[in-house]
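Residues per chain, in single letters:
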Amino acid sequence: MKTNSVRAKLRAGESSVGTWLALPDPIFAKLMSSTGFEWLTVELEHSHATIETAALCFPIIAASGCVPLARVPYNSVENIKRVLDTGAWGIVVPMVNSRAEAEAVVKAARYRPLGERSVGGQLHAANFATDAGTYYAKANDEILIVLMAEHVDAIENIDDILSVPGIDAVFIGPNDLHASMDLAPAFDSEDPTFNAALKKVYASAVAHGVAPGIHVANAAQAKRRLDEGWKMIAVASEVGFMLDKAGEITKSLGLGGNGTLAKY
Ligand code: 3PY
Ligand code: MG
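Bear in mind the structure is a predicted one, so any value in this text is a computation, not a measurement.

Asker: Help me get a handle on the site of ligand 1, residues and values and all.
Answerer: The immediate surroundings of ligand 1 are formed by R71, M148, E150, G173, P174, N175, D176, H215 and Y264. Between ligand 1 and the protein, one listed contact pairs an oxygen atom with a side-chain N or O atom of E150 at 3.0 Å. Take P174: an N or O atom from its main chain is 3.1 Å from an oxygen atom of ligand 1. Computed on the free molecule, ligand 1 has an accessible area of 230 Å², of which 100% lies beneath the protein chains in the complex. Among the elements that take part in the shell around ligand 1, helix α10 (residues 174–180) stands out by supplying 3 residues, more than any other. The residue makeup of the shell around ligand 1, split by class, is 3 nonpolar, 3 polar and 3 charged.

This is the structure:
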C-alpha cells in the first residue's frame, strides 16, 4: 500500500507545501502534479467541482507522486465519506468552530475504533494501490485530517477543538477569519486581532501536537510563515497563479489587467 508522505512529514514535525486546485479538471490535476508542490487540494467548497470531477482528479494526482486532498463544501458525514471513498488521501474541513464539530469530523473520517466511518467503495483502495482489506486496516494511519480555523468562534474554542484525538493539522483560512472580524478579506494584514488569533492557534497547535497550517498568497508569504514555524502551507491556487500572471502581462502591455480576483 502507498503511504501518505504529507501526513508522515507533518507528524514528524516537518513542513509541507502545497496548493489548491480551484479549477477542478483532470488535465489541470495532471499538469499541477508535476510542478513540485507536495499536495494538491481539490476545491469542492467554493468551486464548480462535483464529486465526479474530484474523483477523476484524485487518482491522477496520486499516480503522479503528489498527495490528493479534498476541501469539502461543508462539515458533513456525506461530504467527508464521498471524497474519501472516491480516493482522496485527506480532507480539509472548513469552518470547524467547536469541539463537537471537530469530533464529528473525526467520527466521519476514521474507521472504528477511532471513528464511525462507513465501510464501502473501491477507489480509496485503488488510489493507495492496495486491496480493500488492507485499506480498511491501514486507512486510519494514512488519511490526513485537516480542520480549518477561519472564524472568531474557532479561535475562541481552539484548545477544545485541537484536543480532539485524531486531528493532524489545523489550517487558517485568513480570508474568512478577517471577514468574521468584520475586516476586509485578506491573506495577511497588520491587524492586531488577526495576528493575535494566529499566535493563539499556533500555540494551541504546538501544545496539542497538531501541525499548524495557513493559506498564503505567494512565495514570500510562504517563506515568512515557514520561518515562523507554520508547517502546512498552501500557496494560492492554480487559478490564482494563472490570473496573477495574466494580469501582470496585460498590465505590462498597457491592456488594463486588473489583477484583483481572489487567489484561491
Ligand atoms: C480562507 O482564507 O478563508 C480560506 O478558506 C483559504 O483556504
Ligand atoms: Mg475560507
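Asker: Got a sec to walk through the nonpolar core? Specific residues and values, please.
Answerer: Residues I80, I91 and M232 are the most contacted members of the largest nonpolar core, which totals 76 residues. Of all the elements, strand β5 (residues 144–149) adds the most residues to this core, at 6 residues. In this structure M232 touches L10, S16, W39, L69, L144, V146, A169, F171, P212, G213 and I214, once residues within four positions along its chain are discounted.

Asker: Outline the coordination of the magnesium ion (ligand 2), supporting the account with residue identities and numerical values.
Answerer: The protein atoms that coordinate the magnesium ion (ligand 2) are E150 (OE) and D176 (OD), at distances spanning 2.1 Å. Residue E150 is found in the loop between β5 and α8 (152–156), and its partner D176 is found in helix α10; the two are separated by 26 residues along the sequence.

Asker: Explain the state of the cysteines to me, and be specific about the residues and the numbers.
Answerer: Inspection of every chain in the model, using the stated rule, returns 0 disulfides. No disulfide involves C57; its sulfur sits 12 Å from the nearest other cysteine sulfur, which is in C66. The exposure class of C57 is buried, given its relative accessible area of 0%. Owing to a relative accessible area of 1%, C66 belongs among the buried residues under this scheme.

Basis of the calculations
- Residues numbered from 1 in each chain as written.
- Chains lettered and ligands numbered in written order.
- Predicted model: local features only at pLDDT ≥ 70, side-chain atom pairs only at ≥ 80, totals over all residues.
- Heavy atoms only, no water.
- Near = heavy atom within 4 Å.
- Polar contact = N/O pair within 3.5 Å; in protein donor to acceptor, adjacent residues only side chain to side chain.
- Areas by Shrake-Rupley, 256 points an atom, 1.4 Å probe, with all protein chains shown as cover.
- Helix = DSSP H or I, 4+ residues; strand = E, 2+ residues; numbered from the N terminus.
- Nonpolar A, V, L, I, M, F, W, Y, C, P; charged D, E, K, R; others polar.
- Core = buried A, V, L, I, M, F, W, Y, C linked by side-chain atoms within 4.5 Å.
- Buried < 20%, exposed > 50% of the residue type's maximum accessible area, 1.4 Å probe, protein only.
- Contact = heavy atoms within 4.5 Å.
- Donors = N, O, S within 2.8 Å, 3.2 Å for Na, K, Ca; no water.
- Disulfide = S-S within 2.5 Å.

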